[in-house]
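# Fold and contact review
If you want the building blocks of each chain, they are given just below.
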There are 2 protein chains.
Amino acid sequence: MELLNVDTVEEARKKLLEAAEKKRPDEEEVYFTRGTGRILARDTVAEENVPGFRKSTVDGYAVRAADTQGVSESVPVFLRVIEEIPMGRAPEKTISPGEAAYVPTGGMLPQGADAVVMIEYTEKFDEESIAVYDALSCGRNVIREGEDIKRGEAFIEKGRRIRPQETGALASAGVSRISVFRPWTVTVISTGDELAGVEDAIEKGRTRDINTYSLSAAAEGYGFKVADALVLKDDRDSIKKAISEAMTSSDVVLVSGGSSQGEKDYTADIMDELSHGGLLTHGIAIKPGKPTILAFDRESETILAGLPGHPAAALLIFELFIGWLYRELTFQKEPEKIKAEISENVPSAGGKATCIFVELVRREGRSCEARPILGKSGLITLLTKADGYTVTDANSEGVNEGDTVEVTLF
Amino acid sequence: MELLNVDTVEEARKKLLEAAEKKRPDEEEVYFTRGTGRILARDTVAEENVPGFRKSTVDGYAVRAADTQGVSESVPVFLRVIEEIPMGRAPEKTISPGEAAYVPTGGMLPQGADAVVMIEYTEKFDEESIAVYDALSCGRNVIREGEDIKRGEAFIEKGRRIRPQETGALASAGVSRISVFRPWTVTVISTGDELAGVEDAIEKGRTRDINTYSLSAAAEGYGFKVADALVLKDDRDSIKKAISEAMTSSDVVLVSGGSSQGEKDYTADIMDELSHGGLLTHGIAIKPGKPTILAFDRESETILAGLPGHPAAALLIFELFIGWLYRELTFQKEPEKIKAEISENVPSAGGKATCIFVELVRREGRSCEARPILGKSGLITLLTKADGYTVTDANSEGVNEGDTVEVTLF
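Residues numbered from 1 in each chain as written. Chains lettered and ligands numbered in written order. Predicted model: local features only at pLDDT ≥ 70, side-chain atom pairs only at ≥ 80, totals over all residues. Heavy atoms only, no water.

The condition that has to hold: UniProt positions are given in the numbering used here, feature names are shortened, and annotations may be inferred rather than shown by experiment.
Going by the annotation in an unreviewed UniProt entry, the name recorded for chain A is Molybdopterin molybdenumtransferase, with Candidatus Allocopromorpha excrementigallinarum given as the source organism. Heading Function (unreviewed entry) of the UniProt record for chain A holds this comment: "Catalyzes the insertion of molybdate into adenylated molybdopterin with the concomitant release of AMP." Under the heading Cofactor (unreviewed entry), UniProt records this for chain A: "Mg(2+)".

### A closer look at the overall build of chain A
As a reminder of what qualifies: To qualify as a helix, a DSSP run of H or I must reach at least 4 residues; to qualify as a strand, a run of E must reach at least 2; elements of each kind are numbered from the N terminus. It is over C-alpha atoms that the radius of gyration is taken, and the globule rule equals 2.2 Å times the number of residues to the power 0.38. Remark: exposure states derive from per-residue accessible area (1.4 Å probe, protein chains only) relative to the maximum for the residue type, with buried under 20%, exposed over 50%, and partly exposed in between. Contacts are residue-level and defined by heavy atoms, with any inter-residue pair within 4.5 Å sufficient. We count Lys and Arg on the positive side and Asp and Glu on the negative side, and we leave His and both chain ends out. Every charge is mapped to an atom, namely NZ of Lys, CZ of Arg, CG of Asp or CD of Glu.
The helix and strand inventory of chain A stands at 7 helices and 28 strands. Computed over its C-alpha atoms, the radius of gyration of chain A comes to 31 Å, more than 25% above the 22 Å expected for a compact globule of 410 residues. Along the first, second and third principal axes, the C-alpha set of chain A runs to 95 × 50 × 40 Å. The buried share of chain A, taken over its 410 residues, is 57%. Within chain A, contacts between residues at least 6 apart in sequence are counted, and of these 71% link residues at least 24 apart. Computed over 49 positive and 69 negative side-chain charges, the separation of the two mean positions in chain A equals 2 Å.

### Focus on the relation of the copies chain B and chain A
Defined as follows: C-alpha atoms of residues with pLDDT of at least 70 in both copies form the basis for the least-squares superposition of the copies.
Here chain B sits on chain A after a turn of 180 degrees about the axis and a move of 0.0 Å along it, with an RMSD of 0.0 Å. Those values place the two copies in the arrangement expected of a two-fold rotation axis. For chain B, the residue whose C-alpha comes nearest the rotation axis is Ile-338 of chain B, separated from it by 2.9 Å.

### What to know about the state of the cysteines
To keep it simple, the criterion reads: Cysteine sulfur atoms that come within 2.5 Å of each other are treated as a disulfide pair.
According to the stated counting rule, one finds 0 disulfides over all chains in the structure shown. There is no disulfide at Cys-368 of chain A, and the cysteine sulfur nearest it, in Cys-368 of chain B, is 14 Å away. Given the relative accessible area of 7%, Cys-368 of chain A is considered buried. With no disulfide of its own, Cys-355 of chain B has Cys-368 of chain B as its nearest cysteine by sulfur position, at a separation of 17 Å. Cys-355 of chain B sits in the buried class, given a relative accessible area of 8%.

### What to know about the packing of helix 2 (residues 164-172) of chain A against helix 3 (residues 211-221) of chain B
Rules: With axes taken as lines fitted to C-alpha atoms, and helix axes fitted only over the stretch in contact, angles between N-to-C directions fall between 0 and 180 degrees. If an angle is under 35 degrees, it is roughly parallel; if it is over 145, roughly antiparallel; if it lies from 65 to 115, roughly perpendicular; otherwise it is oblique. For any helix crossing, the convention is left-handed if the near helix is rotated counterclockwise from the far helix by under a right angle, and right-handed if that rotation is clockwise. Residue classes follow a fixed rule: Ala, Val, Leu, Ile, Met, Phe, Trp, Tyr, Cys and Pro count as nonpolar, while Asp, Glu, Lys and Arg count as charged, and any other residue, Gly among them, counts as polar.
Close contact between helix 2 of chain A and helix 3 of chain B brings their axes to 8 Å; oriented N to C, the two are set at 160 degrees. Taken together, helix 2 of chain A and helix 3 of chain B sit at an angle that is classed as roughly antiparallel. Regarding helix 2 of chain A and helix 3 of chain B, the two cross each other, and that crossing is right-handed. Here Pro-164, Thr-167, Gly-168 and Ala-171 of chain A of helix 2 of chain A lie close against helix 3 of chain B, whose contacting residues are Tyr-213, Ser-214, Ala-217 and Ala-218 of chain B. The residue inventory of the contact of helix 2 of chain A with helix 3 of chain B, partitioned by class, reads 5 nonpolar, 3 polar and no charged.

### A few points about the pattern of salt bridges
Residue and element names in this part refer to chain B. To keep things clear, this is the line we draw: Salt bridges are counted wherever a side-chain nitrogen of Lys or Arg sits within 4 Å of a carboxyl oxygen of Asp or Glu.
Under the counting rule described, the total for this entry stands at 52 salt bridges over all chains. We note a salt bridge from Glu-28 to Arg-38, for which the minimum N-O separation is 2.5 Å. Taken as a pair, Glu-28 in strand 1 (residues 27-31) and Arg-38 in the loop between strand 1 and strand 2 (44-45) lie far apart in primary sequence, 10 residues in all. Of the charged contacts, one joins Glu-99 and Arg-80 as a salt bridge, the two residues approaching to 3.2 Å between their closest N and O atoms. Highlighted residues: Glu-99 in strand 6 (residues 99-103) and Arg-80 in strand 5 (residues 77-84), separated in sequence by 19 residues. The exposure class assigned to Arg-80 is partly exposed, which follows from its relative accessible area of 41%.

### Concerning helix 3 (residues 211-221) of chain A
With 9 of 11 residues buried, helix 3 of chain A lies mostly within the body of the structure. Looking at the residues trailing helix 3 of chain A, positive phi occurs at Gly-223 of chain A, about 85 degrees.

### Thoughts on the packing of aromatic side chains
Residues and elements named next belong to chain B. Quick reminder of the rule: Each aromatic pair joins two rings of Phe, Tyr and Trp (for Trp, the six-membered one) with centres within 6.5 Å, and gets the label stacked for planes under 30 degrees apart, edge-to-face for over 60, and tilted for any other angle.
Enumeration over the complete set of coordinates arrives at 26 aromatic pairs over all chains. Ring geometry for Tyr-31 and Phe-32: centres 5.2 Å apart, planes at 65 degrees, overall edge-to-face. Classification of Tyr-31 by relative accessible area gives partly exposed; the value is 28%. You can call Phe-32 buried: its relative accessible area is 0%. Consider the rings of Trp-184 and Phe-224, whose centres lie 5.5 Å apart with planes at 45 degrees: the pair is tilted. Placement of the pair is Trp-184 in the loop between strand 12 (177-181) and strand 13 (185-191) and Phe-224 in the loop between helix 3 and strand 16 (225-232), with a sequence separation of 40 residues. When sorted by exposure, Trp-184 lands in the same class as Phe-224, which is buried.

### Focus on the sheet that holds strand 7 (residues 115-118) of chain A
Residues and elements named next belong to chain A. For the record, the criterion: Two strands are said to pair when DSSP picks up at least two bridges between them.
Here 6 strands make up an open sheet; going across it, the order is 7-4-6-5-9-8 and the pairing mixed. Lying at the two open borders of the sheet, with one neighbouring strand each, are strand 7 and strand 8 (122-124). Adjacent strand axes in the sheet meet at a mean angle of 40 degrees, parallel and antiparallel pairs treated alike. Two elements, strand 4 (residues 60-63) and strand 6 (residues 99-103), share 3 bridges in a ladder whose sense is antiparallel.

### Digging into the interface of chain B and chain A
The criterion, for reference: Buried area: the accessible area, evaluated with a 1.4 Å probe, that two parts lose upon being put together, summed over both parts.
Taken together, the contact between chain B and chain A spans 87 residues of the former and 86 residues of the latter. Summed over both partners, the interface of chain B with chain A buries about 6800 Å², with 55% contributed by carbon and sulfur atoms. A salt bridge links Glu-336 of chain A to Arg-362 of chain B; its shortest N-O distance comes to 4.0 Å. For the side of chain B that touches chain A, the elements supplying multiple residues, two or more each, are strand 10 (142-143), helix 2 (164-172), strand 15 (207-208), helix 3, strand 22 (337-342) and helix 7 (381-384) of chain B. Looking at the side of chain B that touches chain A, the element that brings in the most residues is helix 2 of chain B, giving 9 residues. Looking at the side of chain B that touches chain A residue by residue, the classes come out as 34 nonpolar, 23 polar and 30 charged.

### Comments concerning the pairing of strand 25 (residues 368-372) of chain A
Successive residues of a regular strand alternate their side chains across the two faces of the sheet. All names here are of chain A. The buried fraction of strand 25 is high, at 4 of 5 residues. Where strand 24 (residues 353-361) lies against strand 25, 4 bridges are found, and the strand directions are antiparallel. From the neighbouring strand, Glu-359 faces strand 25, where its bridge partner is Arg-371.

### Concerning the side chain of Ser-214 of chain B
Residue position: Ser-214 of chain B is located in helix 3. Filtering out sequence-adjacent residues up to four positions away, Ser-214 of chain B remains in contact with Pro-164 and Gly-168 of chain A together with Leu-315 of chain B.

### Looking at the side chain of Thr-68 of chain B
With respect to the helices and strands, Thr-68 of chain B occurs in the loop between strand 4 (60-63) and strand 5. The residues contacting Thr-68 of chain B, other than those within four sequence positions of it, are Val-63, Val-77, Val-132, Asp-134, Ala-135 and Leu-136 of chain B.

As C-alpha cells, then:
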C-alpha cells in the first residue's frame with residue numbers, strides 16, 4: 001500500500017490553514033444574552049468602570065483608616081456616626097476625622113473615608129457614636145472604582161467562548177451588544193448505494209446511513225448551520241452536481257464515503273475539478289482516516305472535505321481538521337486535554353499517527369486510567385463507548401501500558 | 001462568627017437529594033436528531049442488529065478460509081469467481097469450496113464464505129478465476145451480524161448526554177424516537193435596591209445587576225427553561241410574592257442577594273414559610289458561598305435556593321448544588337476533572353471547604369499548572385479569568401505550591 005503521497009496531520013493542517021485563511025467567519029452583532037456559547041469576534045471593551053464607585057465588601061462603617069491606628073480589642077476608638085448610607089444611593093456627607101457612616105455590603109463609600117470596619121468589630125456606644133475595635137489599613141474591605149474592570153479595558157478577548165460568567169461580566173460593564181462570529185454553513189453528503197435512512201424499510205445488504213446524522217450533529221455542536229444533509233447513490237454525476245450546488249450556499253461541503261481504495265474512488269477528482277485545482281491533500285497519515293481529501297476553491301471560497309465512510313473515522317477527521325480550522329480562524333484555544341495512564345499496550349500503525357479511542361476511569365488518589373476501546377474500525381460503538389481519544393506520534397511505535405497519554409474529550 | 005449551624009457541602013447535598021428525590025425531571029419523546037446535547041431518560045434498546053448482515057471491512061473476495069490454508073506469497077490458491085456482489089444488495093449465490101465472490105467494503109458476505117481476502121493479496125488469473133496469496137483465518141475482514149450492536153441490546157444507557165456519535169449510533173440501529181429528560185423550568189430573581197439593568201442609565205451608588213444574566217445563562221447551559229428573570233427591590237413583601245408566584249410555574253426558584261449577614265436577611269424566613277417548613281440548610285461551610293439557603297416545598301414540589309449576591313459565589317453555588325442535583329437525578333456522570341499542579345500556596349478558610357478559581361496553563365511534557373486567580377470575592381473578573389475551580393477539603397489547611405489539585409472546568 002502506498003504511503004508516499006500522504007501528508008502528516010501537521011502538513012495537512014498547514015496546507016488547509018494557508019489555503020483557507022480567508023474563511024475567517026463573518027462577524028455579527030447580537031444582544032449579549034443571545035451570545036452564550038458563541039465565540040467573541042473582537043476584544044470587548046468596557047463601557048464603564050466596574051464598580052462605578054468605591055464599594056464596601058462588608059456590612060459596616062466607612063471610616064478614615066488613620067482614625068483606627070493603635071486600636072485593639074481592649075482599646076477602642078469612638079467615632080461619630082454622621083450618616084446611614086442606603087443601598088444604591090450616593091452618600092450625602094463627607095467623613096472628617098473622628099467620623100463614620102454606616103454602609104451596607106455593596107454600598108458606596110463617602111468622600112473622606114478610605115476603609116470599612118466590619119459591623120462585628122464595632123459596638124453602638126450611644127445614639128450618635130460607635131466604638132471600633134479593629135485597626136484598619138487604608139483600602140480595607142473596599143473595592144476601588146474600576147478595580148474589577150476599567151472603562152476602556154479590553155476585558156474579554158476575542159476568541160473566547162462566552163460562558164455564563166462572561167455574560168455576567170458583560171452586564172456588569174454595561175455592554176449590551178457584542179460582536180460574535182457567525183458560524184459556517186455546512187452541507188453534509190453521504191454517498192453509497194447501500195445507504196438507507198433511519199426510518200426506511202431495510203433489505204439484507206443495505207446499511208442505515210450514519211454519517212449525515214452524526215456529522216450534522218457534530219457541525220451543529222460548533223454552531224454551524226446545516227444547509228442540507230443528503231444521501232446519494234454512488235454516482236459520479238449526481239455527486240458532482242450536489243457538491244457543485246452546495247458550493248453556492250455553503251462554506252464547507254463534507255462528503256463521506258467514496259474515498260476508499262475501491263473502484264468508485266472519484267471524489268478526489270471531482271473535488272479537484274470543482275475547486276479549480278485546489279486539491280490540497282489526498283491521504284493523511286493517520287489511522288483511522290487515511291482516505292481523507294481536503295480541497296479549497298478560491299473562487300467560491302468553499303472548503304471541500306472528503307471524509308472516510310467509517311463513522312468513527314469521519315467524525316474524527318471532521319474534528320481534527322474542520323473543527324480545528326474553525327477554532328484556529330476564530331482565535332479559540334484548543335480544548336484542555338486530560339492526562340491519563342493507558343491500561344494496555346497499543347501498537348501504532350507504522351508511519352502513521354494512530355488514534356486510540358479510550359474510556360476514562362477515575363481512580364482514587366491516582367491519575368485517571370485510559371482504557372482503549374478495541375474493535376474493528378467500522379463499529380459505531382467504538383465511539384459511543386469512548387470518552388475521548390489520544391493520538392500517538394507518527395514516528396512512535398505505539399504506547400505501552402502505564403504510559404501517560406493526553407486525552408481529548410470527544 | 002458562628003459556624004455552628006452550617007452544613008458541610010456533603011451534608012447539604014445529602015439533605016437536598018433526600019428532600020428533592022421526587023424532582024426527577026419528566027421524560028419526553030423526541031425525534032432523535034433533536035436530541036443532541038440532551039440527556040437520555042431510558043436505556044435505549046436497538047431495534048435491529050448492526051450490522052444487519054455479515055459485512056466485509058475491505059474491498060476483496062469473499063472466500064472459505066479453509067480454502068486458503070497453507071497459502072503464501074509464493075504458493076497461491078486459485079479460486080473461481082462466481083459472483084460480483086453489488087454494494088447494498090444481497091448475494092445471489094452460495095460459495096462452495098474452490099469458489100469466491102467479489103465484495104466491496106461494506107458489502108454483504110454470501111453464504112458459505114467466512115472470510116474476505118483483500119484485493120491487494122489477489123491477482124486476476126483468467127476471466128473466471130483469481131490467485132489468492134494470503135492465508136486467512138475464519139472471520140478475517142468480516143464484521144458479524146450484530147457484532148456492533150445486537151437487536152434488543154441496551155446500547156446507550158440512560159443518563160448519557162447525546163453526542164454526535166450517539167446520534168449516529170441511534171441512526172445505525174434504526175432508533176428514530178428517543179426518550180429524554182425535559183429540563184427543569186427555573187425562575188431567577190435578583191434582589192437589591194442598588195440594582196440597575198444593563199441598559200439603564202446609572203447613578204453613582206447603583207450597580208448593574210449581574211446575577212439574573214449569569215444565572216439564566218448557567219441554567220440555559222443545562223437546558224433549563226428560564227420562565228422569568230426578575231430584579232426586585234429589597235422588600236420582604238414583593239420578594240415573597242414573586243417567589244410564591246414563581247413556585248406555581250417553576251421547578252426551581254433562584255434568589256440571589258438578601259442572604260448575607262446584613263439587616264435585610266429575611267430570605268431564609270420567606271423560604272421556610274413558603275416551603276411549609278421545608279428549609280433544609282441555612283449556611284454552608286464553603287468559601288465563597290456561606291450564606292446559601294436551600295429549601296424544598298413538598299406541596300408544589302419546588303426547589304428554592306437563596307444564593308449569595310456575589311456573582312462568583314452565586315454561579316459556584318448554582319453549579320455545586322442545583323447543577324449537581326440535576327446531574328444526580330438524571331443519572332449523569334460527574335464531569336471529568338483535570339489534574340494540575342498548583343503554582344502557589346493558598347490557605348484554606350478554617351473549617352470551610354475553600355473554592356480556588358484557577359487558570360490552567362499547559363506545560364510541555366509536564367502536568368498542567370493551575371494558577372490561582374486572586375482577588376476580592378465581589379469581582380466578576382475572578383470568573384472570566386478562570387478556566388475552572390478546585391475545592392479544598394474543609395479539614396485541610398489549604399494547598400501548597402506544587403500540590404496536585406483536581407480542577408473542574410467551569
